[in-house]
Amino acid sequence: MIRMNKKGRLFVVSAPSGAGKTTLCEKLVRTDTDIMRSVSMTTRLIRPGEKNGRDYFFISAEEFKKKIKNDEFLEYAKVFGNYYGTPREYVEESLNKNKDVLLAIDVQGAMKIRKKMRKRCTLVFILAPDIQELKRRLLKRQTESKTQIMMRLEVARHELSYLKYYDYKIINDNIKTAFKKLQAIVVAARCEIN
Ligand code: 5GP
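Notes on the structure in this doc start here. In this text the structure is predicted, and so the values were computed from the model without any measurement.

## Some remarks on the overall build of the protein
Scanning the protein for helices and strands turns up seven helices and nine strands. In summary, the protein has a C-alpha radius of gyration of 16 Å against a globular reference of 16 Å for 194 residues, a match within 12%. In terms of overall dimensions, the protein has C-alpha extents of about 45 × 40 × 30 Å along its principal axes. Within the protein, the fraction of its 194 residues that count as buried is 46%. Residue pairs in contact within the protein that sit at least 24 positions apart in sequence constitute 69% of those at least 6 positions apart. Looking at the protein, you have 41 positive and 23 negative side-chain charges, and the mean spots of the two groups are 3 Å apart.

Written as structure tokens, this is what we have:
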């Protein structure tokens, strides 16, 4: 594999809930051993089927605030009333080992990473084909209440206004094609000369 960058780079993936971000990100880290997925910390409640340390590190608001004070986050944000943050140490260690790191985070976090990392990051936004399809997918997965779904759709509309700050957008109307696009973006970014 041709790698022209000396150090690892960050791939930031954002998407409205239901756009297929988790599936695409999991597939990417499974098939590309040079990219590590950063596991975020959150104060939200664990959902059925989730595992502490795999999906997130689930911690209390008190612990989270302590970590903010100790500057343990590369970025953090409040999303849907809960805190989410990227552990700084894991990301920095991986980058220094020449590994790329994948962050699946919201638009606020992505903007913070862009400011900090400038050219050492690539921002990718994943979209569902349209808002109706997004609603359908959220209803189908049954992990949120109807009120939460309405809130997530409202937030999705707001997040779209950040699209212009992203380097790439992928419309996920077919998971196979969307994944190929994501892989192509990773390959292209690795060949950039910074
Ligand atoms: P969920 O609760 O559905 O897993 O995630 C809600 C939102 O929080 C998603 O947009 C997800 O990408 C975002 N998120 C997850 N981890 C982080 C993080 O470490 N930082 C930020 N800023 N957002 C995150």
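Moving on, there is more to tell.
## Description of the side chain of Glu50
Mapped onto the fold, Glu50 is located in the loop between β3 (41–42) and β4 (57–58). When its relative accessible area of 18% is taken as the criterion, Glu50 is described as buried. Only 2.8 Å separates the side chain of Glu50 from the backbone nitrogen of Arg47, close enough to count as a polar contact. Discounting chain neighbours no more than four positions away, the residues touching Glu50 are Arg44, Leu45, Asp55, Tyr56 and Phe58.

## With respect to the nonpolar core
Formed by 24 residues in total, the largest nonpolar core has its most connected members in Leu28, Leu102, Ile126 and Ile170. Among the elements that line this core, the one with the most residues is helix α7 (residues 175–190), at six residues. Beyond its immediate stretch of four places on either side in the chain, Leu28 contacts Ile35, Leu102, Phe179, Leu182, Gln183 and Val186. By size, the runner-up hydrophobic cluster in this structure holds 18 residues, among which are Leu74, Ile113, Cys121 and Leu127.

## Focus: helix α6 (residues 146–159)
If you check α6, its first and last C-alpha atoms are 20 Å apart, about what 14 residues at 1.5 Å a residue would give, namely 20 Å. All buried positions along α6 are accounted for by Ile149, Arg152, Leu153, Ala156 and Glu159. On an axial view of α6, the arc spanned by its buried residues comes to 120°, and they lie on one face. Buried residues belonging to α6 abut α4 (107–117), β8 (121–127) and α5 (131–141).

## Remarks on helix α1 (residues 21–31)
Note: α-helices contain 3.6 residues per turn, so residues at a spacing of three or four share the same orientation. Residues of α1 that are buried: Lys21, Leu24, Cys25 and Leu28. Down the axis of α1, the buried set is contained in an arc of 95°. They therefore lie on one face. Opposite its buried face, α1 presents the exposed residues Thr22 and Arg30, each directed more than 90 degrees away. For α1, the elements touching its buried residues are β1 (10–14), β2 (35–37), β7 (100–104), β8 and α7.

## Looking at the pattern of salt bridges
Evaluated as defined, the whole model comprises 16 salt bridges. One salt bridge in this structure joins Arg114 and Asp167, with 3.0 Å as the shortest N-O distance. Of this pair, Arg114 sits in helix α4 while Asp167 sits in the loop between α6 and β9 (168–171); the two residues are 53 residues apart in sequence, bridging distant segments of the chain. Here Arg137 and Glu133 are joined by a salt bridge, their closest N and O atoms 2.8 Å apart. Highlighted residues: Arg137 and Glu133, both in helix α5, separated by four residues, approximately one helical turn. Accessibility expressed as a relative area gives 18% for Glu133, which makes it buried.

## Quick notes on the layout of surface pockets
Quantified by volume, the largest pocket comes out at close to 1,300 Å³. Every residue lining the largest pocket is counted, 48 residues in all, and those nearest its centre are Lys21, Thr22, Arg47, Tyr56 and Arg141. If you list the elements that add at least two residues to the lining of the largest pocket, you get α1, β5 (73–79), β6 (82–87), β7, α5 and α6. Sort the elements by how many residues they give to the lining of the largest pocket and α1 lands first, with seven residues. Grouping the amino acids of the lining of the largest pocket by side-chain chemistry returns 19 nonpolar, 13 polar and 16 charged. Each pocket or cavity is described by its volume, and for the second largest pocket that value is around 220 Å³. Contributing to the lining of the second largest pocket are Arg44, Leu45, Arg47, Phe80, Asn82, Thr143, Glu144, Gln148, Met151 and Arg152. Of all the elements, α6 adds the most residues to the lining of the second largest pocket, at three residues. Of the residues assigned to the lining of the second largest pocket, the class counts are three nonpolar, three polar and four charged.

Thresholds applied
Residues numbered from 1 in each chain as written. Predicted model: local features only at pLDDT ≥ 70, side-chain atom pairs only at ≥ 80, totals over all residues. Heavy atoms only, no water. Helix = DSSP H or I, 4+ residues; strand = E, 2+ residues; numbered from the N terminus. Rg over C-alpha atoms; globule rule 2.2 N^0.38 Å. Buried < 20%, exposed > 50% of the residue type's maximum accessible area, 1.4 Å probe, protein only. Contact = heavy atoms within 4.5 Å. Lys, Arg positive; Asp, Glu negative; His and termini not counted. Charge placed at Lys NZ, Arg CZ, Asp CG, Glu CD. Polar contact = N/O pair within 3.5 Å; in protein donor to acceptor, adjacent residues only side chain to side chain. Core = buried A, V, L, I, M, F, W, Y, C linked by side-chain atoms within 4.5 Å. Expected span 1.5 Å × (residues − 1). Arc of directions from axis to C-beta. Salt bridge = Lys/Arg side-chain N within 4 Å of Asp/Glu carboxyl O. 1 Å grid on protein atoms, 1.4 Å probe; cavity = no way out; pocket = protein on both sides within 12 Å on 5 of 7 lines; lining within 4 Å. Points joined across faces, edges and corners; volume = space filled by probe spheres on them. Nonpolar A, V, L, I, M, F, W, Y, C, P; charged D, E, K, R; others polar.

The values reported here are purely geometric and, on their own, carry no functional implication.
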